[in-house]
Amino acid sequence: MTDPLLLGFAGMATLIGLIVLRMPIAYAMILVGGIGVTLLSGVDIFMSQLKTLAYGQFSIYDLSVLPMFVLMGALATRAGLSHDLFRAAKAWFGRFRGGSAMAAVAACAGFGAVCGSSLATASTMGKVALPELRKQNYSGALATGTLAAGGVLGILIPPSVVLIIYSIIVEANIVTMFKAALVPGILAVVLFIVTISIYSRIFPNAAPRADRVSAKEWVSATKGVLPVVLIFGLVIGGMYLGWFNPTPAAAVGVVLVWAYGALRKKLGASQMREALEETAKTTGMIYLILLGAEMLKIFMSRAGVPQAVAEWMATSGLPPLVVLSILLLSLIVLGCLMDSLSMILLAIPFFWPVLLELNGGAYQAAFGSGFGMSSDDLKIWFGLLALIVVELGLITPPVGLNVFVISSIADDIPMRETFKGVLPFFFVELVRVSLLVAFPMLVLWLPTVMSG
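Quantities reported herein were computed from a predicted structural model and do not represent experimental measurements. Here the residue numbering is sequential within each chain, running from 1 through the sequence in written order. Per-residue local features of the predicted model are confined to residues with pLDDT of at least 70, and side-chain atom pairs are confined, for both listing and counting, to 80 or more; whole-chain, interface and lining totals are unaffected and use all residues. Hydrogens are left out, water is left out, and the side-chain values use all remaining heavy atoms of the structure.

1. Remarks on the packing of helix α9 (residues 161-170) against helix α18 (residues 375-393)
The geometry of α9 relative to α18 is characterised by a closest axis approach of 11 Å and an angle of 140° between their N-to-C directions. Our classification of the angle between α9 and α18 gives oblique. When you trace α9 past α18, the crossing you get is right-handed. Contacts between α9 and α18 involve Val 162, Leu 163, Tyr 166 and Val 170 from the first element and Lys 379, Phe 382, Gly 383 and Leu 387 from the second. In this classification, the charged set is Asp, Glu, Lys and Arg, the nonpolar set is Ala, Val, Leu, Ile, Met, Phe, Trp, Tyr, Cys and Pro, and all remaining amino acids, among them Gly, are polar. Tallied by class, residues from the contact of α9 with α18 come to six nonpolar, one polar and one charged. Every angle, taken between N-to-C directions, lies between 0 and 180 degrees, and every axis is a line fitted to C-alpha atoms, over only the stretch in contact when it is a helix. Each helix corresponds to a stretch of at least 4 residues labelled H or I by DSSP, and each strand to a stretch of at least 2 residues labelled E; elements are numbered beginning at the N terminus. Any angle that is under 35 degrees is reported as roughly parallel, and any over 145 degrees as roughly antiparallel; angles of 65 to 115 degrees are reported as roughly perpendicular and all others as oblique. It is the rotation of the near helix from the far one that decides the hand of a crossing: anticlockwise by less than a right angle makes it left-handed, clockwise makes it right-handed. Here, residues are in contact when the closest pair of their heavy atoms is within 4.5 Å.

What follows is the structure, given as structure tokens:
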């Protein structure tokens, strides 16, 4: 092992140690990346790169979509969309045993389609749905577990901030990635609802049956959710149909959500100021993490770590699907240490070269055709798989950020009950990953059909 490679692995160990010690991921990556480049190339080279690195990183046009979608989510949180979604979903599912929990999952998916953030989805829908679930005497485990698991839908249902970042890292088309995420997202909603149905039959006391709503209430609730459907249809459907690119689509979404909130007198001057401040803070945090990830990537590339890992995998003799499983399991473990965005920024620059090597070169000679798909299809397929296992990190102990969010709202319910409640959803997510690995067309079908 050469000295640069040894330094690279030492840098990775240091980075993980700093994260475990709770140093913010952006600062940890900047520190390790800066020191590493300085040790390898000298302080003059590091300062020369630092002079232009931030501008070069943040002047990418694709990144302009991030603050727009973040603002759309911040406005949606304050505009009352979550209440309308849950009311409509409860009218549709409430007559079933466990129906209010099913309604919470459906509402989480709907809100995630406008918000794009898992933590915001969990927090907002937790405040809306948890009082209703308590009122109906749902068990603490099922109520909080459903909301923590439902929150992860915000990271997958388009638009997704993390999916945008992944697309930029691997140079994938953002709209194509949004198309690919739709079927797995719908599959997640269906599997979650089926899980609740089975759970409520095994433990009927945990999920009482709600009263059937009247036809008048059903019609009123359904009408109330139509603006949300219209916003989602224009933003996502407009991108799917090629009417506009992601940044203009996000701008349309911001205007529509603002108009919806203003008409309902939910978005006054103070709410707008709060939304803009939240957007600035969130976007600044994301951009700082992006800068840290770029500095770390430069250090690791100079040290030869990604190339060494790819070469080791190529000569390991393991079949491509086994290596893919190892990479996905690594993402689940990383999810216990850091948030989803940081995980994608840290892991994908290392994992993606390995997958490219698996799909050709020595692997093609040894195993035929690698994964049997083009590199463009591979980046779409792996992106959705990575995103789903990143979701698992949001509900996996000891971190489980969604669990912490819900526990802060339901402070009278022990956190162990919430972790117990998310276990069925964790296992059903593993089933979904297995399905997508076994049948890649579940991911690739919609982009293929819509591009044809």
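2. Here we look at helix α3 (residues 43-58)
Here, expected helix span is obtained from the residue count minus one, scaled by 1.5 Å. The terminal C-alpha atoms of α3, which comprises 16 residues, lie 23 Å apart, in line with the 22 Å expected from a rise of 1.5 Å per residue. The term bend refers to the angle at a residue between two fitted axes, each drawn through seven residues, those ending there and those starting there. Most pronounced at Thr 52, the bend in α3 amounts to some 35°. Among all positions of α3, only Phe 46, Leu 53 and Gln 57 are buried. Turning to α3, the residues buried within the fold contact α2 (25-41) and α13 (269-303). Between buried and exposed lies partly exposed: a residue is buried under 20% and exposed over 50% of the maximum accessible area for its type, with that area taken using a 1.4 Å probe on protein chains only.

3. Overview of unusual backbone geometry
Despite not being glycine, Asn 137 has its phi angle at roughly 65°, a positive value. Mapped onto the elements, Asn 137 comes out in the loop between α7 (118-135) and α8 (140-151). For Asn 137, a relative accessible area of 58% puts it in the exposed group. Even without glycine at this site, Glu 171 takes up a positive phi of about 60°. Position of Glu 171 relative to the elements: it lies in the loop between α9 and α10 (174-202).

4. Brief notes about the packing of aromatic side chains
The rule is short: rings of Phe, Tyr and Trp, with Trp giving its six-membered ring, pair when the centres are within 6.5 Å, and they are stacked under 30 degrees, edge-to-face over 60, tilted in between. Scanning the model with the defined rule gives four aromatic pairs in all. Between the aromatic rings of Phe 69 and Phe 178, the centroid separation amounts to 6.3 Å while the plane-to-plane angle is 70°, which identifies the pairing as edge-to-face. Residue Phe 69 is found in helix α4 (residues 65-79), and its partner Phe 178 is found in helix α10; the two are separated by 109 residues along the sequence. For the residue pair Phe 69 and Phe 178, the accessibility class agrees, reading buried in each case. An angle of 80° between the planes, with centres 5.8 Å apart, marks the rings of Phe 426 and Phe 427 as edge-to-face.

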